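So the chains spell out like this:
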Amino acid sequence: MDNAPEKVAPGAQGDCRAATIDLIRSFGVQLRMSWVQAAGQTVEMPEERALQSAPHHDAGLTSVPARLVPTDLQTTVQEVLDRLGPSIFAGLLDTDGVLRYANQAALRAIGSAPEQVLGQRFDTTPWWQACEISRRRLQQALAAALRGEVSRFDVRVATSGGVALSMDFSLLPLYDLEGRVVWLIPSARDVSEREQAQHQLQLTRHAVEQAHDALLQVGPDGAYRDANAAACRLLGLDREQLLRLRVPDIDTQVDAVQWPRHWRELCDRGSLRFETNVRHLAGHEIPVSVSVSLVTSDGVSFAHVCITDLRERRAAERRILQLLQFDELTGLPNRQLLLERLSATLQGGTQTAVLVLVLDRFKRINDGLGPHIGDAVLREVAQRIVATVRSVDLVARRSEDEFVIVMPAPSVPSLQTAQALLDGIAQTMRIEEHEVYVTCSIGIASAPADGDQADTLLRRANAALHQAKHLGRNQASVYAGTPHDDDPERLALETALRKALRDEQFDLHYQPQVDLAHGGIVGVEALLRWQHPTMGRMAPDRFVPVAEESGLIVAIGDWVLRRAIEQAAAWQDAGLPPVRMSVNLSARQLMQPDLAQRIELLLASAGLDARLFGVEVTESMLIGNLEQAVEHLRALRALGVEVSLDDFGTGYSSLSYLRRLPVDVVKIDRSLVPDVTAPAEDVSITRAIITMAHQLKAKVLAEGVESEGQAALLAASHCDQMQGYWFSAALPAAGVETMLRDGRQIDPALLYPR
């Protein structure tokens, strides 16, 4: 709008009168009749004829001499102004700037009756009290109107409600038949909504420009119509360059021929979401996530595109995968990746040699020279092993001083490779100022002769390793025996297990699981304990593998299920606070077709609510027959039993499998539980796992929490539950019962507000 007053020459008064009529028309009013003077009489004639008459005989809204029809003219103008609508203020001023008339819309805005404002100078009326600048501009416009100048500008007008309206204000002079200004017509249209819309548009545009994600508009032809600063930064282009391009110029998965099909798909579905790569000006490709929405306005359609840069997320995923599948010290595959790749190799039926290599008396290096020297020795050993074997062979670190080499279709006898490894590792190592000498022992097993399953082959390679150690260390030994004589202690241990099951030598201890929102105990994990009459306490990792191989694990597992359910029911009947009893299933148990039915019968027999019972499985148990395992887990969940995925972070393909598994709880392995001294990247990885599990609607329980700092970090990271020695070791049933009766919980000061 041009806010400067417009001066009207005397010869252009007819144009000014026409402009006056046009202004009123713009307000939505149609003038039906005009008044002109002809032959000394006032006559009515259609407006169109009046406007076509000579300048001194057409009136439009031009006044005739006051002696003829002053009252009728003023009345008519007032009627016109009253018809302008509730959002248009209008009135009549005399040439002294005194208000002679105001329409109803203007009066209602200030809550005044006509007699309260008529007869006052217009610039002193309540409308002009909201803004001094607007009032001064009005005064200038009044002076200009007497010179025949039209004024139009934006003003702030007061109302009775205390709200100042933004208005488009005009002041027009009204002439008599002799070209003199006799009236002034002020009019104002409420443009508050327009001003608010413009302000909102500016805010929206600012938000778009400041958005972290790239935002673009794309037309049906694939051309970019608009782009924010983030889009330009992402692609390395300035805005002018970008707006000269089309989608196929940037999206690596769309060409000019395919674009029309993509546009039709968007029109059919209304929105699209996908991942692709975009081209940077420098030539490299960037992985992105793209969300597209179809927008239609006034018959015109375009695509609103939001692009998220995935480089940081992909890097974090790679880092997580690296930590989950590779040993951080040596960079070699870890135990879980070893099992995954060995299983895949064996499925192909290829002849495969497995070598288990353990450093002899490595503990003396750690104790004598320090852990940092020990770490350097392990890194050097890893490099020497990799340098000795073929590039197609797999080298993994299974434990602190133990390495495994998998050799598919070996090109030389495995003993020859083992001897090369013995010789290479026995060479002197210079670590800092130390000369270190270390030897190793190697056990060898081959598939399919010694087994066609990963755990069987590794176990028999371990048996050969024990034989090598018995021979005096720095030796290699090939497995040569049956499953019943590969370990001299195995038969005795199996016999002892059968007696333990018969004589009730087993017992269960229970480790509390604590909620990190309120600090109370919400569950326990049942852990098997075996007190041998002569050998004393037997570690589970010593007897459980024998139980699995011999098949005793099924009977032992059934005993654990029954005893745990009976104990949970006893706590329930005693009126103790409800806690969920969790039991670890073995791989063989999970594959039993009637597992869900048997658990259902045990729950019904004991009278235990299924919601107070849970089972825990590991990813390694699911690899062999994933579909059957998922089916059995779903059957358990249908009963109300909670399913937990144990040791998350050490599984085969944790990220890819988690989406497919019907689990309620993800248990983070103790190796991924950070402390206050942990590097920031380790804490970020733990938080990323927690966030990912929550997005999949699963709770998160951290295992192996051994310090207050770990508990505090987990609570701050919104981990749901925890268990570990910091709160309590596994206890007999009586110890847990005491804790429940006493209401034992975490100090609320450690908990993070949710």
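A short tour of the structure in this document, coming up.

Conventions and cut-offs
- The written sequence of each chain sets the order in which its residues are numbered from 1.
- The predicted origin of the model limits local features to residues at a pLDDT of at least 70 and limits the giving and counting of side-chain atom pairs to 80 or more, whereas totals for whole chains, interfaces and linings rest on all residues.
- Hydrogens and waters are ignored; side-chain quantities use all the structure's heavy atoms.
- Burial classification: accessible surface area is computed with a 1.4 Å probe over protein chains only, and a residue below 20% of its type maximum counts as buried, one above 50% as exposed, and the rest as partly exposed.
- Numbering of helices and strands runs from the N terminus; a helix is a DSSP stretch of H or I covering at least four residues, while a strand is a stretch of E covering at least two.
- Two residues form a contact once any of their heavy atoms are found within 4.5 Å.
- When DSSP finds two or more bridges between two strands, those strands count as paired.
- Orientation is described by lines fitted to C-alpha atoms, with helices fitted over the stretch in contact, and by angles between N-to-C directions that extend from 0 to 180 degrees.
- In the sections that follow, a salt bridge refers to a side-chain nitrogen of Lys or Arg positioned within 4 Å of a carboxyl oxygen of Asp or Glu.
- Between the rings of Phe, Tyr and Trp (Trp by its six-membered ring), a pair exists once the centres lie within 6.5 Å; its type follows the angle of the planes, with under 30 degrees stacked, over 60 edge-to-face, and the other angles tilted.
- When the NZ atom of lysine or the CZ atom of arginine is within 6 Å of a ring's centre and also within 35 degrees of its normal, the charge is said to sit over that ring.

### Brief notes about helix H27 (residues 708-716)
Those residues of H27 that sit buried are Gly709, Gln710, Ala711, Leu713, Leu714 and Ala715. Two residues or fewer past H27, His718 is found with a positive phi of approximately 65 degrees.

### Describing the side chain of Glu616
Structurally, Glu616 can be placed in strand E25 (residues 613-618). Residue contacts for Glu616: discarding those within four places in its chain leaves Gln513, Glu525, Ser582, Val583, Asn584, Leu585, Ser644, Asp646 and Lys667.

### What about the sheet that holds strand E13 (residues 300-309)?
In spatial order, the strands read E10-E9-E13-E12-E11; together these five strands make up an open sheet with antiparallel pairing. Pairing within the sheet leaves two strands with one partner each, and these edge strands are strand E10 (224-227) and strand E11 (271-279). The sheet shows a mean angle of 30 degrees between the axes of neighbouring strands, direction not considered. Where strand E9 (residues 214-218) lies against E10, three bridges are found, and the strand directions are antiparallel. Note on E10: the bridge partner recorded for Leu216 is Ala227. Lying on the sheet, helix H11 (residues 259-269) is in contact with E9, E11, strand E12 (285-297) and E13; it crosses E11 at an angle near 150 degrees. Across the sheet, helix H12 (residues 311-325) is in contact with E11, E12 and E13; its angle to E12 comes to roughly 135 degrees.

### Re the pattern of salt bridges
Overall, the coordinates contain 34 salt bridges when judged by the stated rule. Between Asp221 and Arg246 there is a salt bridge, and its shortest N-O distance comes to 3.3 Å. With a gap of 25 residues between them, Asp221 in the loop between E9 and E10 and Arg246 in the loop between helix H9 (239-242) and helix H10 (247-250) connect regions that are remote in the sequence. Its relative accessible area of 42% is what places Asp221 among the partly exposed residues. Of the residues examined, Arg246 reaches a relative accessible area of 39% and is grouped as partly exposed. We note a salt bridge from Glu616 to Lys667, for which the minimum N-O separation is 2.9 Å.

### Some details on the environment of Leu639
Structurally, the position occupied by Leu639 is in helix H24 (residues 626-639). Owing to a relative accessible area of 26%, Leu639 belongs among the partly exposed residues under this scheme. Along the sequence, Leu639 and Asp609 sit 30 residues apart, while their C-alpha atoms lie 9.8 Å from each other. Every residue in contact with Leu639, bar those within four places of it in the chain, is listed here: Ala596, Glu600 and Ala610.

### Quick notes on the sheet that holds strand E15 (residues 394-399)
Spatially, five strands are ordered E15-E16-E14-E19-E20 in an open sheet, and the strand pairing comes out mixed. Looking along the sheet, the strands with just one partner apiece sit at the ends: E15 and strand E20 (476-478). Taken over all neighbouring pairs, the strand axes of this sheet differ in orientation by 20 degrees on average, direction set aside. Where strand E19 (residues 440-447) lies against E20, three bridges are found, and the strand directions are parallel. Looking at E20, one finds that Gly443 is bridged to Ser477. Strand contacts of helix H13 (residues 335-347): strand E14 (352-359), E15, strand E16 (402-408) and E19, with the helix running at about 135 degrees to E15, the strand carrying the most contacts. In this fold helix H15 (residues 371-388) packs onto E14, E15 and E16, with an angle of close to 10 degrees to the strand it touches most, E16.

### A word on the packing of aromatic side chains
Ring pairs (aromatic) are described by centroid distance and by the angle formed between their planes. One pass over the full model with this rule turns up ten aromatic pairs. Seen from their ring centres, Phe122 and Trp127 are 6.0 Å apart, and the 55 degrees between their planes marks the pair as tilted. Trp127 carries the same exposure label as Phe122, and that label is buried. Here Phe153 and Phe169 contribute two aromatic rings whose centre-to-centre distance is 5.4 Å and whose plane-to-plane angle is 50 degrees, an arrangement assigned as tilted. Placement of the pair is Phe153 in strand E6 (residues 149-157) and Phe169 in strand E7 (residues 165-175), with a sequence separation of 16 residues. Each member of the pair, Phe153 as well as Phe169, carries the same accessibility label: buried. Through a chain of ring-to-ring contacts, three or more aromatic side chains come together here, namely Phe122, Trp127, Trp128, Phe153 and Phe169. Over the ring of Phe727 we find Arg744; its NZ or CZ atom is 4.4 Å from the centre of that ring.

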